[in-house]
Every structure is written in structure tokens, then in C-alpha cells.
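Understanding the architecture of this molecule
As a plain string of letters, each chain reads:
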Amino acid sequence: YTILSKVHSDRNVYPSAGVLFVHVLEREYFKGEFPPYPKTGEISNDPITFNTNLMGYPDRPGWLRYIQRTPYSDGVLYGSPTVENVGKPTIIEITAYNRRTFETARHNLIINIMSAEDFPLPYQAEFFIRNMNVEEMLASEVLGDFLGAVKNVWQPERLNAINITSALDRGGRVPLPINDMKEGVYVMVGADVPFSSCLREVENPQNQLRCSQEMEPVITCDKKFRTQFHIDWCKISLVDNTKQVSTFQEVIRGEGILPDGGEYKPPSESLKSRDYYSDFLLTLAVPSAIALVLFLILAYIMCCRREGVEKRNMQTPDIQLVHHSAIQKSTKELRDMSKNREIAWPLSTLPVFHPVTGEMVPPLHPDTYDNTSMPLMQTQQNLPHQTQIPQQQSAGQYW
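Residues numbered from 1 in each chain as written. Predicted model: local features only at pLDDT ≥ 70, side-chain atom pairs only at ≥ 80, totals over all residues. Heavy atoms only, no water.

Another aspect to go through is the side chain of Asp 222. Within the secondary structure layout, Asp 222 lies in the loop between helix H4 (205–212) and helix H5 (223–226). In terms of polar contacts, Asp 222 uses its side chain to reach the side chain of Arg 226, at 2.8 Å. Within the local environment of Asp 222, its side chain forms a polar contact with the side chain of Trp 233, the two groups lying 2.7 Å apart. (Helix = DSSP H or I, 4+ residues; strand = E, 2+ residues; numbered from the N terminus. Polar contact = N/O pair within 3.5 Å; in protein donor to acceptor, adjacent residues only side chain to side chain.)

Written out as C-alpha cells, the structure is:
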């Protein structure tokens, strides 16, 4: 059901089309190609990361995926080869990066995809396991336990793991780092016999109603998985390729394989030269010429057509100029005369004065203060040194 192999230089592997392929990139193998640890006697635990790509291209083929959680864990290449890739050797370049010494090591993995005689299997079921991550499910022991549980429920003659896809690749959300939550994984398996009655229990109206209400359906064979795998039975997909119709879901979920967009064709090296002179004229010369014309027109209006005071006086009648000059001269004389008036400041303008004696404090204003706005008559009725006699009150009343 799966092919496991270790990393070797220019290794050839022979996966089958339509069957899950797993290739482990072990850190222990690459440690020997990097310099030894600086401290003798200590075990080397350098952080190592991997980069995988198709030879001559920046990325991997559409059917092949790669995952490595941390620089201290092994990397895994996994996927399900398609029939279209049969007979085409696929060379994957594997580059290991030592994050301590910044050195690299490169190996080639040659994938020769073979055609499977017993494939495709007509009956396929996809399970969603909530308590697993994709790298945990790719382990041979865990995947073997899951296939064993499915075989006990389904009872097929042939059972293969077709593909494994992380829930994050299906639009799932990253789980919160609490209570050791998992992201979930989709596992598709294929068999040669129709679905068992246990798997078809999800089609019952009662279970479909419970799923629509976000409740767990009642499945009799769930206890055979519950000890190790928590399956979301509302997300199971049963596909019968003999009828080309899904028996449970109207929309058939994909297998997690990216569509093949064909080979990349880079542009030709002999590109035609392009003349940018016309673009220059259109972008810079024309706007600059328009701006220059507008500047000249504005300069002519502002400088060459100024009238000025002399021209205004020449166009004004003499009698009007004489009247205007006489008005300005009279106004100036009146202002000079008002500044020379000497009038005592009213008591109300003093900052402090005695209310009985009327003792005056010299004003704070200097002699040169402009007193044109001062009233001509004082509004203070009580003269200096004048005492106000209180009014007589009626007998028996005191204030």
C-alpha cells in the first residue's frame, strides 16, 4: 500500500500509478556530509531543512507534496502518481541546508512511475481523521493500523491507500496550540468490492439529519476506529466509479492532486528591440511644451500688462485727484490733533481708588498712549475727595 525508502544519492524508486507514494528524507543520512560538531564528545543535532524541486523547474510536480514540521524532524515526500505520468522519469533535486554551518548537500531522486495492473479500484472511500496530522499518518505503522481497521469493516480482497491530504490543503484552518489539537487529515482508500453496510449507514435519513444539525451520526462500526482514530463520519465520501455517481455526497472531493498545466515554456531569448523615442515624446516632451506655453502666457499677463499707480493717475480726472488728496490731508490732521488732547483719565479707568476719599492712583498708561478712543466727558460722578452721604433710614432699621 505504500513505498518507503531512505535518502541515497541518485536513488531510483518505482512507485505505481494511483497508489500512495512516500519517501522519507532522513536527517541522519545528511549529517555525515556536513562538518563534525565543534565540541568533541557531544552528539550532533544540527538543524537541517530540505528543498525539493523538479530538475530544471522551481517547484515539484503537481501530484507530489512535501512536508517538514521543524528543522529537527525528517522531511517527507508523498503523493499519488497519476496515469499520465507513467513511463516518464521524474528527477527530483533534493537540497539539504545545514542551518548551523550554512552548507548544502544535493542529491537526485529518480521516480519511475509504473502502471498498476489491478488499478484503478472501482470503489473508493475517503475518511477524515480529526486526531491526526499528515506526517503522523504517513508513518507506516499508523497507516497500516488504519488500513487494518478499514479492512475489518469493509472485508475487501484488495485494499490500497490511494492518497493522503492534509486538511489545510483542503481549506481547513490552522488549529489552536491548545490541548494538543490536530489539523486533521483526509485518507482515500480503494477496494474491489462494494461498500459494506456499516459504511452505508451514513446514508440513513436519521444520520443525515444529525449531520445537518452538527451532531455525531450513529455508526455501528465506529468503535473499531475510536480506539486510535477519531473519524468524522459526516465528511466521509463514498465513490462508486462503476456508476460514476457519488453514493453520499453530491460534490465529489478531489484527491488533492494539482491540475497539470503543461510544461513551462520560457520566453525566447531573441527578443525584438523596441524603440522608446515615441514613448519619450509622448510622456515627457508634449507635457513639458504645454507647461512652458502656459508659463509664458501667465508671465505676460502678470508682468507686461500691469497698470501701476502712474497709469491709474493719468486716467483719473484732476479734480478727483485734488479731492482725494484733500480728504487724505484733512484726515491726517484730525488724527494728529486728537493725539495731542490732554484729558484727565476718568476714575472708572483707574485700577484702584478709595470709594470715600477718591484717592487717585497714577494711571498705568504712558503719556504717549493713544487716547483718541477716550470719551470727551467723564462718566464718574463722584469727584475726588468727595464723600458720599448715606441715605437716612427709618427708625429701628440698621444695615
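Bringing the side chain of Arg 27 into the picture now. On the secondary structure map, Arg 27 appears in helix H1 (residues 27–31). Dropping the residues within four chain positions of it, Arg 27 is found in contact with Asn 45, Asp 46, Pro 47, Ile 48, Phe 50, Pro 71, Tyr 72, Ser 73 and Asp 74. (Contact = heavy atoms within 4.5 Å.)

A few words on the sheet that holds strand E5 (residues 75–79). The strand order E2-E5-E4 describes an open sheet built from three strands, whose pairing is antiparallel. The sheet terminates laterally at strand E2 (21–25) and strand E4 (64–67), the two strands that pair on one side only. Across the sheet, the axes of successive neighbouring strands diverge by a mean angle of 20 degrees, strand direction being ignored. (Pairing = 2+ DSSP bridges. Axes fitted to C-alpha atoms, helices over the stretch in contact; angles between N-to-C directions.)

This next bit is on the state of the cysteines. Within this structure, the stated rule accounts for two disulfides. Each disulfide pairs two cysteine sulfurs, and for Cys 198 the partner residue is Cys 221, the sulfurs being separated by 1.4 Å. Taking the sign of the S-S torsion, -80 degrees for the link of Cys 198 and Cys 221, the bridge is left-handed. Of this pair, Cys 198 sits in the loop between strand E10 (185–191) and H4 while Cys 221 is found in the loop between H4 and H5, placing the two residues 23 residues apart along the sequence. Owing to a relative accessible area of 8%, Cys 198 belongs among the buried residues under this scheme. Across a sulfur-sulfur distance of 2.2 Å, Cys 211 and Cys 234 are joined as a disulfide pair. A torsion of -85 degrees about the S-S bond marks the disulfide between Cys 211 and Cys 234 as left-handed. Taken together, the positions of Cys 211 in helix H4 and Cys 234 in the loop between H5 and strand E11 (237–240) put the pair 23 residues apart, joining distant regions of the chain. (Disulfide = S-S within 2.5 Å. Buried < 20%, exposed > 50% of the residue type's maximum accessible area, 1.4 Å probe, protein only.)

A few words on the sheet that holds strand E7 (residues 104–111). With mixed pairing, the four strands of this open sheet are ordered in space as E1-E7-E6-E3. Because the sheet does not close on itself, it has two edges, and the strands there are strand E1 (11–13) and strand E3 (48–54). Neighbouring strand axes in the sheet, compared pairwise and without regard to direction, differ in orientation by 25 degrees on average. Sheet topology note: the E1/E7 ladder contains three bridges and is parallel. By the bridge assignment, Arg 11 is partnered in E7 with Leu 109.

All chains considered together, the criterion is met by twelve aromatic pairs. Centre to centre, the rings of Phe 127 and Phe 146 are 5.6 Å apart; their planes meet at 80 degrees, and the pair counts as edge-to-face. Taken together, the positions of Phe 127 in strand E8 (residues 123–129) and Phe 146 in helix H3 (residues 140–154) put the pair 19 residues apart, joining distant regions of the chain. The exposure class of Phe 146 is buried, given its relative accessible area of 0%. Ring geometry for Trp 154 versus Phe 195: centroids 5.3 Å apart, planes at 25 degrees, classification stacked. Taken together, the residues span a long stretch of sequence, with Trp 154 in helix H3 and Phe 195 in the loop between E10 and H4 at a distance of 41 residues. An identical accessibility class is assigned to Trp 154 and Phe 195; each is buried. (Phe/Tyr/Trp six-rings, centres within 6.5 Å; stacked < 30°, edge-to-face > 60°.)

What follows covers the UniProt feature "transmembrane region" (unreviewed entry) in the chain. Summarizing the sequence annotation, UniProt attributes the feature "transmembrane region" (unreviewed entry) to residues 280–303 in the numbering used throughout. Spanning residues 280–303, this segment combines 100% helix with 0% strand, and its end C-alpha atoms are found 33 Å apart. (UniProt positions renumbered as here; feature names shortened; annotations may be inferred.)

With that out of the way, let us pick up a nonpolar patch on the surface. Taken together, the side chains of Val 286, Ile 290, Val 293, Leu 294, Ile 297, Leu 298, Tyr 300, Ile 301 and Met 302 present a nonpolar region at the surface, about 890 Å² in accessible area. With respect to the helices and strands, Tyr 300 occurs in helix H6 (residues 277–304). (Patch = residues over 30% accessible without salt bridge, like charges linked within 9 Å, V, L, I, M, F, W, Y side chains within 5 Å. Areas by Shrake-Rupley, 256 points an atom, 1.4 Å probe, with all protein chains shown as cover. Salt bridge = Lys/Arg side-chain N within 4 Å of Asp/Glu carboxyl O.)

Below, the discussion takes up the nonpolar core. If you look at the biggest cluster of nonpolar residues, it comprises 41 residues, and the most contacted ones within it are Phe 127, Met 137, Phe 146, Trp 154, Val 189 and Trp 233. Secondary structure elements with two or more residues in this core: E5, E8, helix H2 (134–137), H3, strand E9 (159–166) and E10. The element best represented in this core is H3, accounting for eight residues. Split by domain, this core shows at least three residues from each of two domains, domain 1 (12–37 + 44–113) and domain 2 (123–240). Apart from the residues lying within four places of it in its own chain, the contact partners of Trp 154 are Tyr 123, Ala 125, Leu 159, Val 189, Ala 191, Val 193, Pro 194, Phe 195, Ser 196 and Leu 199. Membership of the second largest hydrophobic core comes to 19 residues, among which are Ala 17, Phe 30, Leu 77 and Ile 92. (Core = buried A, V, L, I, M, F, W, Y, C linked by side-chain atoms within 4.5 Å. Domains from an automatic or database assignment.)

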